[in-house]
Amino acid sequence: MNVNIAPSWKSILAQEFDKEYFKSLVSFVKSEYLQQTCYPKGEEIFAAFDFCSLDDLKVVIIGQDPYHGIGQANGLCFSVNDNIALPPSLQNIFKEIETDIGKSIPTNGNLEHLAKQGVLLLNATLTVRAHQAGSHQNKGWEKFTDAVISQISNQKENIVFLLWGGYAKKKGAKINKTKHYVLTSGHPSPLSANRGFWFGNKHFSETNNFLQKKGLAIINW
């Protein structure tokens, strides 16, 4: 695994790459990718950072694991590759966007367009073994992504954090809420959404209202 990460992020994350846990993580991931089918593709593991520079960062969305089905994961949380059927959580995200701001539900679930506008689509764990959800958890990724969140909280201000579900809310413990705007709700998965914990959260319009107040360009969701 080559740690190819966009230059703007290197300045605040380079110290993590030298730590023993990260070296162990790299060894584990390299071994897994050699011996197993894993997702996303090796060159897409750090896609969230490649598409969204630290300088342009406005919004952080925290996911948990990459999708583990064939051809789905592309390194951006909740996003799938072109021409892949929309997973249920992503369908519910699009339904809320439609209700909230009136944008029609797309047929394409690739969220690169959001990342390029300054939305960091960060999974807590950046790799997974095919068809085995959670298979790369507790190997070091969570420690790395905790460090990412801490550094963003420390180095930036007025970032909108969207924390969906209990797992993301726990990851959000490292955010300085006096410096940043944190929105929480249930997870968009059908289990949570159908119990009334997702729909109607209006996170997309609220995000844009906040950005507008700060004199920043809004997100074209």
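Here the structure is a predicted model, which means the values were calculated and not measured. Going along each chain's sequence as written, the residues are numbered from 1 onward. Reporting of local features is limited, given that this is a predicted model, to residues whose pLDDT is at least 70; pairs of side-chain atoms are given and counted only at 80 or more, and all residues count toward the totals for whole chains, interfaces and linings. Computation of side-chain values covers all heavy atoms of the structure but excludes hydrogens and water.

1. Looking at the packing of aromatic side chains
Here is step 1 of the chain: The aromatic pairing rule takes the rings of Phe, Tyr and Trp, using the six-membered ring of Trp, and pairs them if the centres are within 6.5 Å, calling planes under 30 degrees apart stacked, those over 60 edge-to-face and the rest tilted. Per the counting criterion, the structure on display carries 17 aromatic pairs.
Here is step 2 of the chain: Taken together, the aromatic side chains of W9, F17, Y21, F22, F46, F49, W141 and F144 make up a single cluster linked through ring pairs.

2. Things to note about the sheet that holds strand β2 (residues 59–63)
Here is step 1 of the chain: Sheet architecture is open: four strands sit in the order β3-β2-β5-β6, paired in parallel fashion. The sheet terminates laterally at β3 (119–123) and β6 (181–185), the two strands that pair on one side only. This sheet shows a mean twist of 20 degrees between the axes of neighbouring strands, independent of strand direction. The pairing criterion for strands is at least two bridges between them, as found by DSSP. Secondary structure counts use DSSP, requiring at least four H or I residues in a row for a helix and at least two E residues in a row for a strand, with both numbered from the N terminus. A fitted line through C-alpha atoms represents every axis, and for helices the fit uses only the stretch in contact; the resulting angles, taken between N-to-C directions, go from 0 to 180 degrees.

3. Observations regarding the packing of helix α2 (residues 20–35) against helix α6 (residues 141–155)
Helices that pack against each other are described as a pair by the angle of their axes relative to one another and the distance between those axes.
Here is step 1 of the chain: Packing of α2 against α6 leaves a shortest axis separation of 9 Å and a crossing angle of 130 degrees. Considering the angle they form, α2 stands oblique to α6. Once α2 is placed against α6, the crossing between them reads as left-handed. Judged by residue contacts, Y21, F22, L25 and V29 of α2 engage W141, K143 and F144 from α6.
Here is step 2 of the chain: Taken together, the residues of the contact of α2 with α6 break down into six nonpolar, no polar and one charged. Working definition: roughly parallel below 35 degrees, roughly antiparallel above 145 degrees, roughly perpendicular at 65 to 115 degrees, and oblique for all remaining angles. Left-handed describes a crossing whose near helix is turned anticlockwise from the far helix by less than a right angle; the clockwise case is right-handed. Contacts: residue pairs with any heavy atoms within 4.5 Å of one another. Throughout this entry, Asp, Glu, Lys and Arg are counted as charged residues, while Ala, Val, Leu, Ile, Met, Phe, Trp, Tyr, Cys and Pro are counted as nonpolar. The remaining residues, Gly among them, count as polar.

4. Here we look at the packing of helix α1 (residues 7–17) against α6
Here is step 1 of the chain: At a closest axis distance of 10 Å, the pairing of α1 and α6 adopts a crossing angle of 140 degrees. By the angle between their axes, α1 is oblique relative to α6. Like other packed secondary-structure pairs, α1 and α6 cross with a definite hand, here right-handed. Facing W9, I12, L13, Q15, E16 and F17 of α1, the residues of α6 in contact are F144, A147, V148, Q151, I152 and Q155.
Here is step 2 of the chain: Looking at the contact of α1 with α6 residue by residue, the class counts come to eight nonpolar, three polar and one charged.

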